[in-house]
Amino acid sequence: MKALLLDLDDTLLDYSGSAPRCWEEACLACCAPGTVGPDALLAAIVEASRWFWEDPVRHRRERVNMLQAWQSIVAHALARLGVEADRLAAAVARDFASRRRERMRLFPEAVESLERLRRRGVPLALVTNGDAGQQRDKIERHGLAAFFDAIVIEGEFGAGKPDEIVYRHALAALAARPEDAWMVGDHLEFDVGAPQRLGLRGVWIDRAGQGLPPGAAVTPDRIVRSLAELTEAL
Ligand SMILES: [Mg+2]
């Protein structure tokens, strides 16, 4: 490994872990008595969220403005419940966003793993999809910038994983050839399959330890439970 590309959300940062709790609390905080019940809204949000993100075209279009995406999800949930309440949708989305920001944490082994990689002199690129403002805020808030020689954010760069240009841009920034580089992340296609097709090695982080999903089209070069498992083996 002469260069390493790393994903951010759910690889270095526990991004998804707090989401269910934050939706629950946002519904409780924002649903005034006599409007819509927080439990009913929460259930509708869970369903709307699944529907919203499962379409890859919508996913790509909407993930670069997360506050707007969350507001759309709540608005869809309210519409399903037959409630017209744009202000409520905006309030729940804002409340959710701020709770989530407060709750998000780096995984416990993240900093030590990055330090180990730096000590070994491995050039590092952070390659993350999503909203420019949100991703920059996460990077700053959690002190990540200093570890990386290059940071590629979809919302800033104008293209996202799994577009080839994203990985090529990161490799060029590290002056690394694909065959000398690895990419690690939690998304089988974005962080493993697509980089492998360019000649990188792909490492899949399987935190849940559930193994590859049945019929997975991607075969990772390594599967690890955490970043520490990868860096300790170096
Ligand atoms: Mg990820």
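Residues numbered from 1 in each chain as written. Predicted model: local features only at pLDDT ≥ 70, side-chain atom pairs only at ≥ 80, totals over all residues.

Here we look at the overall build of the chain
Selection criterion: Elements are defined by DSSP. Helices are runs of H or I of four residues or more, strands are runs of E of two residues or more, and each kind is numbered from the N terminus. C-alpha atoms define the radius of gyration, and 2.2 Å times the number of residues to the power 0.38 defines the globule rule. Three exposure classes are used, all based on how many other C-beta atoms lie within 10 Å of a residue's own C-beta (placed from the backbone): buried at 20 or more, exposed at 12 or fewer, and partly exposed between those limits. Here, residues touch in the contact sense if the C-beta positions derived from the backbone fall within 7 Å of one another.
Of regular secondary structure, the chain possesses 11 helices and eight strands. Here the chain has a C-alpha radius of gyration of 19 Å; the compact-globule value for 234 residues is 17 Å, and the two agree. Along the three orthogonal principal directions, the C-alpha set of the chain runs to about 60 × 35 × 35 Å. Taken over 234 residues, the chain has a buried fraction of 38%. At a minimum sequence separation of 6, the contacts of the chain that also span at least 24 residues come to 64%.

Considering the sheet that holds strand β1 (residues 3–6)
Where we set the bar: Strands are labelled as partners when DSSP assigns at least two bridges between them. A fitted line through C-alpha atoms represents every axis, and for helices the fit uses only the stretch in contact; the resulting angles, taken between N-to-C directions, go from 0 to 180 degrees.
Taken in spatial order, the six strands line up as β5-β4-β1-β6-β7-β8 in an open sheet, and their pairing is parallel. Two strands close off the open sheet at either side, each with one partner strand: β5 (150–153) and β8 (222–224). If you compare each strand with its neighbour and ignore which way they point, the axes differ by 20° on average. Across four bridges, the pairing between strand β4 (residues 124–128) and β5 is parallel.

As for the packing of helix α4 (residues 66–80) against helix α5 (residues 86–103)
Two quantities define a packed helix pair, namely the angle between the axes and the distance from one axis to the other. Which entries qualify depends on this criterion: Orientation categories follow fixed angle ranges, with anything under 35 degrees roughly parallel, anything over 145 roughly antiparallel, 65 to 115 roughly perpendicular, and all other angles oblique. Working rule for handedness: look at the near helix, and if it is turned counterclockwise from the far one by less than a right angle, call the crossing left-handed; if clockwise, right-handed. Residues are grouped as follows: nonpolar covers Ala, Val, Leu, Ile, Met, Phe, Trp, Tyr, Cys and Pro; charged covers Asp, Glu, Lys and Arg; every other residue, Gly included, is treated as polar.
Running from amino to carboxyl end, α4 crosses α5 at an angle of 130°, the nearest separation of the two axes being 8 Å. The angle between α4 and α5 falls in the class oblique. Crossing of α4 over α5 shows right-handed handedness. Taken together, the residues of α5 that come into contact with α4 (itself represented by Leu-67, Trp-70, Gln-71, Val-74, Ala-75 and Leu-78) are Asp-86, Leu-88, Ala-89, Ala-90, Val-92, Ala-93, Phe-96 and Ala-97. The residue inventory of the contact of α4 with α5, partitioned by class, reads 12 nonpolar, one polar and one charged.

As for the nonpolar core
Rules: Buried Ala, Val, Leu, Ile, Met, Phe, Trp, Tyr and Cys residues whose C-beta atoms connect them within 7 Å together make up a nonpolar core.
Residues Leu-4, Leu-5, Ala-170, Ala-181 and Val-184 are the most contacted members of the largest nonpolar core, which totals 40 residues. If you tally residues by element for this core, the top one is helix α9 (residues 164–174), at five residues. Ignoring anything within four residues of it in the chain, the contact list for Ala-170 reads Leu-5, Ala-125, Val-127, Ala-150 and Val-152. Judged by nonpolar contacts, the second largest core, of 24 residues, contains Ala-26, Ala-69, Leu-88 and Phe-96.

Let's talk about the domain arrangement of the chain
Rule in force here: Marked domain ranges trace back to an automatic or database domain assignment.
Domain annotation of the chain identifies domain 1 (3–15 + 105–232) and domain 2 (19–103). Across the contact, seven residues belong to domain 1 and five residues belong to domain 2. Counted by class, the side of domain 1 that touches domain 2 contains no nonpolar, five polar and two charged residues.

Some thoughts on α5
Helical geometry note: an α-helix holds 3.6 residues per turn, so side chains three or four residues apart project in the same direction. Which entries qualify depends on this criterion: Multiplying 1.5 Å by the helix residue count minus one yields the expected span of that helix. By construction, the arc corresponds to the directions joining the helix axis to the C-beta atoms.
Across its 18 residues, α5 extends 26 Å between first and last C-alpha, which sits within 8% of the 26 Å expected from 1.5 Å per residue. Listed as buried for α5 are Leu-88, Ala-89, Val-92, Ala-93, Asp-95, Phe-96 and Arg-100. Seen end-on, α5 carries its buried residues on one side only, within an arc spanning 165°. In this structure, α5 carries Asp-86, Arg-87, Ser-98 and Glu-102 as exposed residues pointing more than 90 degrees from its buried face.

Some points on the packing of helix α1 (residues 19–30) against α5
Across the interface, α1 lies against α5 with an axial gap of 8 Å and an inter-helix angle of 135°. For the element pair α1 / α5, the angle class is oblique. The chirality of how α1 crosses α5 is right-handed. Counted together, Ala-19, Cys-22, Trp-23, Glu-25, Ala-26, Cys-27, Ala-29 and Cys-30 of α1 and Leu-88, Ala-91, Val-92, Asp-95, Phe-96, Arg-99, Arg-100 and Arg-103 of α5 form the full contact between these two elements. For the contact of α1 with α5, a count of residues per class yields 11 nonpolar, no polar and five charged.

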